[in-house]
Amino acid sequence: MEKTYNPSDFEDRLYKEWEEKGCFKAVRDDDKVPFTVMMPPPNITGQLHMGHAMDETMQDAVTRFKRMQGYCALWLPGTDHASIATEVKIVEQMKKEGLSKESVGREGFLKRAWEWKEKYAGRIVEQLKKLGSSCDWSRLTFTMDDKCSKAVREVFVNLYNKKLIYRGNRIINWCPECKTALSDAEVDYAEENGFFWHIKYYTEDGKEALEVATTRPETMFGDTAVAVNPSDKRYKHLIGKNVVLPVVNKPIPVVGDEHADMEFGTGCVKITPAHDPNDFEVGLRHNLPVVRVMNDDGTMNELAGKYAGMDRYECRKALTEDLKALGNLVGTEPHVHNVGHCYRCSATVEPIVSRQWFVKMEGLARPAINAVIDKKITFVPERFAKIYYNWMENVKDWCISRQLWWGHRIPVWYCADCGAEICSKTDVSECTRCGSRNLSQDEDVLDTWFSSALWPFSTLGFPDDTSDLEYFYPGDVLVTGYDIIFFWVARMIFSGLEHMRKVPFRDVLIHGLVRDEKGRKMSKSLGNGVDPLEVISKYGADSLRFSLLQGVAPGNDTRYSDAKVESCRNFMNKIWNSGRFVIMSVADRNIKPVSEFRLSSADKWIIARLQSAIRDVTLAMNKFELGIACQTMYDFMWSDFCDWYIELVKPVLKGEDAVAADRAASVLVFVLENALKLLHPFIPFITDEIYRNIPGTEGTIMTKEFPRYNSRHAYKKDAQAFEGVMDIIKAVRAAKTELNCPPSRKVSLYIVTENKRLISANCDSILKLAGAKEINYVQSAADAGENAVAKVLSSGTVYIPMGELVDIEKEKARLEGELEKVMDEIRRADGKLNNQGFIAKAPKKLVDDERAKLNKYIELREKILAQLKSL
RNA sequence: GGGAGCUUAGCUCAGUUGGGAGAGCAACUGCCCUACAAGCAGUGGGUCACAGGUUCGAGCCCUGUAGCUCCCACCA
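Residues numbered from 1 in each chain as written. Chains lettered and ligands numbered in written order. Predicted model: local features only at pLDDT ≥ 70, side-chain atom pairs only at ≥ 80, totals over all residues. Heavy atoms only, no water.

A. Spatial organisation of the protein's contact with RNA strand B. Around RNA strand B, the structure places 58 residues, and the nearest of them are Phe-264, Val-269, Glu-625, Glu-825 and Lys-841. Sugar plus phosphate, as a fraction of atoms of RNA strand B within 4 Å of the protein: 55%. Residue Cys-642 places a main-chain N or O atom 3.3 Å away from a base nitrogen belonging to RNA strand B. Broken down by class, the residue content of the surface near RNA strand B amounts to 21 nonpolar, 17 polar and 20 charged. (Near = heavy atom within 4 Å. Polar contact = N/O pair within 3.5 Å; in protein donor to acceptor, adjacent residues only side chain to side chain. Nonpolar A, V, L, I, M, F, W, Y, C, P; charged D, E, K, R; others polar.)

What follows is the structure, encoded as structure tokens:
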């Protein structure tokens with residue numbers, strides 16, 4: 001093995017080998033329990049960012065863990081066509097070449113889109129591989145693959161036949177830039193500084209006027225009423241009469257409607273059913289005409305009279321000036337309001353009445369809510385269930401048609417001759433009603449999320465009853481960010497229930513966002529994004545992976561920083577070198593199962609620590625506490641194994657006793673192998689590379705069994721006793737530092753103890769690690785001679801003669817400090833034990849432990865007092 | 001308007017069934033003791049936002065307050 005950790009030496013090689021050997025492949029095996037994870041397919045709009053890196057790392061860790069535990073683990077990868085997002089990108093690209101959608105036509109555009117897909121989907125796959133993702137590439141799916149299209153049509157037709165999909169004229173969000181409808185979830189709201197324009201609408205006789213206030217005066221041409229509250233005494237008498245729409249001079253009625261809030265503004269609302277969701281409702285209640293005054297591109301249409309053709313903002317400006325001149329505009333006040341923006345191009349969306357396709361949500365939502373209430377699906381952390389409920393309970397019908405070209409085209413055909421509307425799973429060329437061949441398919445495509453919603457089963461062969469679908473569905477855990485609970489998670493749940501009659505997954509593991517060092521969202525506009533590939537090439541995939549998992553709690557955002565990755569890289573280096581040390585040290589030794597040796601107390605201690613690591617990691621993984629699992633392994637590997645056990649075992653390996661050396665070597669190998677297995681789900685490359693170099697191992701670590709907790713290896717008593725030995729070593733080290741004694745200076749130790757056997761059994765270790773030359777067992781302080789520093793421990797009192805370095809006064813002060821600490825402890829324990837409530841109500845074990853502590857501290861106090869006296 | 005999260009060491013954050021406050025980084029001291037200076041040993045540093053409450057016992061549970069962040073709805 002190379003002396004320094006250099007991940008680029010082996011990461012690609014190992015990944016290739018895993019892939020070639022089919023380690024990622026999930027093939028139905030009825031002797032195994034399936035474990036299914038569906039990758040949230042990344043958009044083909046670009047490349048992977050840090051958020052993906054975290055998302056994929058979490059899925060990979062969970063999948064590898066389960067695979068090693070013996071499950072038939074399937075992690076199914078894919079990419080998403082991302083209808084609107086991709087189309088926006090391609091239009092941008094074409095614009096640079098002086099082309100437009102119209103100029104290349106639908107066919108030409110789709111050709112470009114597929115070329116784009118080939119390029120970017122491939123790139124994303126390469127990136128996922130660099131990360132170490134253990135997904136089954138043979139199942140790689142694109143959301144516009146034939147199988148997905150088939151599923152989409154199946155579902156569309158089923159819902160259509162059940163009348164759960166309908167076409168209707170309704171208020172939708174319209175993006176004038178993308179020129180398409182958007183669903184409610186695709187609109188981002190942001191506060192903006194705007195104005196309230198106060199406009200007077202006079203009665204027909206000109207004697208009275210209603211003053212309305214609006215933030216969008218240009219919609220005025222679509223006004224078909226003015227509403228006042230029916231119980232508003234100010235205007236009640238005008239209900240049923242007409243007012244005149246300024247500029248156009250058209251009479252419109254005054255209606256009484258609760259929508260008008262007497263407290264707000266003037267209490268009069270202009271009603272524009274075609275351009276406002278609330279007004280649309282009012283319009284329905286009063287049978288008002290719906291007058292649309294804007295074109296698809298955000299310009300005004302012919303109903304805007306002389307303003308026709310103007311952009312909506314141009315018109316606003318011109319119109320308000322004209323109104324002012326006419327005397328109708330009586331006030332302009334600044335107003336901060338929430339404005340909806342397209343989530344892809346950020347243009348201000350317009351609520352517009354439009355004929356679109358919708359999914360009727362009533363009926364689909366309830367079972368989806370119940371599935372979570374009934375714990376068929378669990379959100380981790382649980383609080384996200386509330387967000388889900390809230391959305392589901394208030395969900396409106398889902399607008400699924402998009403006036404785009406890139407996507408699943410709506411499988412509905414219209415007959416030009418008889419007007420029939422034919423919804424079909426297969427392409428239709430002849431009218432089923434009149435036999436005419438004069439058919440045309442609906443121009444629109446479906447919302448991207450319509451196909452994403454089917455992902456958990458479309459990928460497995462739905463609508464066919466495939467063996468895979470039967471075996472791998474439902475999935476086990478869905479890992480994703482909280483930002484797409486509405487877009488995706490919710491829709492997968494109701495779709496799974498509706499079409500498969502089963503929930504699509506049992507757990508939803510939600511993670512937060514990866515932010516930059518300053519806590520800002522990583523974004524293109526800020527230019528603060530960090531490319532995972534660059535980090536990988538600099539530090540290695542394992543370091544990046546570990547940095548994205550360590551210290552992260554489910555659902556919480558995390559910050560990316562180079563410093564964090566660097567510290568993880570250092571950990572990798574530590575693992576690397578410990579592996580190298582073990583492999584070098586055991587080369588000439590006879591490695592046997594640890595059960596064949598009489599283990600030392602240090603051996604038992606590290607094996608006990610290993611057992612608790614196995615237990616803790618497994619528990620944490622089962623609860624998706626990846627951060628805790630990583631931390632557990634970090635501590636075990638670095639502190640317990642490297643800093644203590646390896647150091648303890650060095651003298652044994654070099655000693656005369658060959659059996660002892662074999663034993664130490666065997667324990668080293670045993671612990672290292674297990675630790676690597678425990679670490680493998682998080683850092684697959686380095687663990688495998690080291691594992692292969694351990695004598696006696698075969699093949700890759702990734703197909704080995706995950707360690708299981710073994711209670712016979714807990715060695716509770718031995719491990720605890722051994723900590724007494726460690727205490728002695730720590731105490732001597734500390735004493736040296738306190739007295740500015742160079743670590744290289746070997747000291748003599750005089751120990752008063754009742755644990756002579758334990759200490760002499762570990763004599764070599766103590767001498768080596770504490771930097772001592774001898775241990776003398778004595779009866780009292782006097783035997784240690786003058787100028788000895790005393791360390792009072794529960795395993796005994798250690799005297800360290802330091803000659804001229806000792807300052808009696810300082811030593812006294814130090815011991816008094818120690819005494820004070822011990823006294824505090826005694827007071828604390830005493831107080832607890834004198835508390836009748838504690839004695840009566842606390843668990844017995846706790847009370848006993850507290851008593852034992854008290855006795856220990858009392859003992860220490862006596863020893864320290866005696867020592868002080870002797871000075 | 002409704003809801004959620006956060007507030008713990010100088011910084012970034014863990015702390016999940018309530019039982020003596022932790023890590024990484026930074027700081028300070030001393031070390032090349034041949035696995036690792038991407039390292040080793042040691043040290044300092046916290047009224048766990050604030051105020052109440054429940055409890056024998058609260059960083060953790062309940063109520064309220066403040067600051068920050070986010071989500072949903074929406075005021076025409």
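B. Structural context of the packing of aromatic side chains. Following the criterion strictly, the structure yields 38 aromatic pairs and no others. Ring centres 4.4 Å apart and planes at 35° place the aromatic pair Trp-116 and Tyr-120 in the tilted group. Remark: Tyr-120 and Trp-116 occur in helix α4 (residues 101-131); sequence separation between them is four residues, near one turn of the helix. According to the relative accessible area criterion, Tyr-120 is buried, its value standing at 13%. A connected cluster of aromatic rings, assembled from ring pairs, spans Phe-156, Tyr-160, Trp-357, Trp-398, Phe-450 and Phe-494. The ring of Trp-137 has Lys-129 lying over it, and the distance from NZ or CZ to the ring centre is 5.3 Å. Geometry around Tyr-857 places Lys-856 over its ring, the cationic atom sitting 5.2 Å from the centre. (Phe/Tyr/Trp six-rings, centres within 6.5 Å; stacked < 30°, edge-to-face > 60°. Helix = DSSP H or I, 4+ residues; strand = E, 2+ residues; numbered from the N terminus. Buried < 20%, exposed > 50% of the residue type's maximum accessible area, 1.4 Å probe, protein only. Lys NZ or Arg CZ within 6 Å of the ring centre and 35° of its normal.)

C. Spatial organisation of the sheet that holds strand β20 (residues 439-441). With antiparallel pairing, three strands are arranged side by side in an open sheet as β19-β18-β20. On the outer flanks of this sheet lie β19 (421-423) and β20, each paired with one strand and no other. Here the strands of the sheet are splayed against their neighbours by 25° on average, with no regard to which way each runs. For strand β18 (residues 412-415) and β19, the ladder comprises three bridges, and the chain directions are antiparallel. Residue pairing for β19: Trp-413 is matched across the bridge by Ile-422. The strands touched by helix α5 (residues 146-161) are β18, β19 and β20; relative to β19, the strand with the most contacts, the crossing angle is about 130°. (Pairing = 2+ DSSP bridges. Axes fitted to C-alpha atoms, helices over the stretch in contact; angles between N-to-C directions. Contact = heavy atoms within 4.5 Å.)

D. Just the sheet that holds strand β27 (residues 772-777), in detail. What the four strands build is an open sheet, ordered β27-β26-β29-β28; its pairing is mixed. Every other strand in the sheet has two partners, leaving β27 and β28 (788-793) as the edge strands with one partner each. The sheet shows a mean angle of 25° between the axes of neighbouring strands, taken without regard to direction. Pairing between β28 and strand β29 (residues 796-801): six bridges, direction antiparallel. Paired with Leu-793 across the strands is Gly-796, a residue of β29.

E. Inspection of the nonpolar core at higher detail. Ranked by size, the top nonpolar core spans 130 residues in total, and within it Phe-546, Ile-575, Phe-641 and Leu-749 carry the most contacts. If you tally residues by element for this core, the top one is helix α18 (residues 626-654), at 15 residues. Not counting residues up to four positions away in its chain, the partners in contact with Leu-749 are Val-732, Ile-766, Ala-772, Glu-774, Ile-775, Asn-776, Val-798, Tyr-799 and Ile-800. If you look at the next biggest cluster of nonpolar residues, it comprises 79 residues, including Ile-84, Ile-165, Phe-384 and Trp-398. (Core = buried A, V, L, I, M, F, W, Y, C linked by side-chain atoms within 4.5 Å.)

F. Broad picture of helix α15 (residues 541-549). Summarising burial for α15: nine of the nine residues are buried, a large majority. Within α15, burial applies to Ala-541, Asp-542, Ser-543, Leu-544, Arg-545, Phe-546, Ser-547, Leu-548 and Leu-549. Two residues or fewer after α15 comes Gly-551, characterised by a positive phi angle close to 70°.

G. Quick peek at the pattern of salt bridges. Counted according to the given criterion, the structure contains 61 salt bridges. Residue Glu-87 pairs with Lys-101 through a salt bridge whose shortest N-O separation is 2.6 Å. Of this pair, Glu-87 sits in helix α3 (residues 83-96) while Lys-101 sits in helix α4, and the two are 14 residues apart along the sequence. The class of Lys-101 is buried, set by a relative accessible area of 14%. For the salt bridge of Arg-861 with Glu-862, the shortest nitrogen-to-oxygen distance reads 3.1 Å. The partly exposed category is assigned to Glu-862, whose relative accessible area is 41%. Overlapping salt bridges bring together Glu-738, Lys-791, Glu-811, Arg-814 and Glu-818 as one network. (Salt bridge = Lys/Arg side-chain N within 4 Å of Asp/Glu carboxyl O.)

Geometry only, nothing functional implied.
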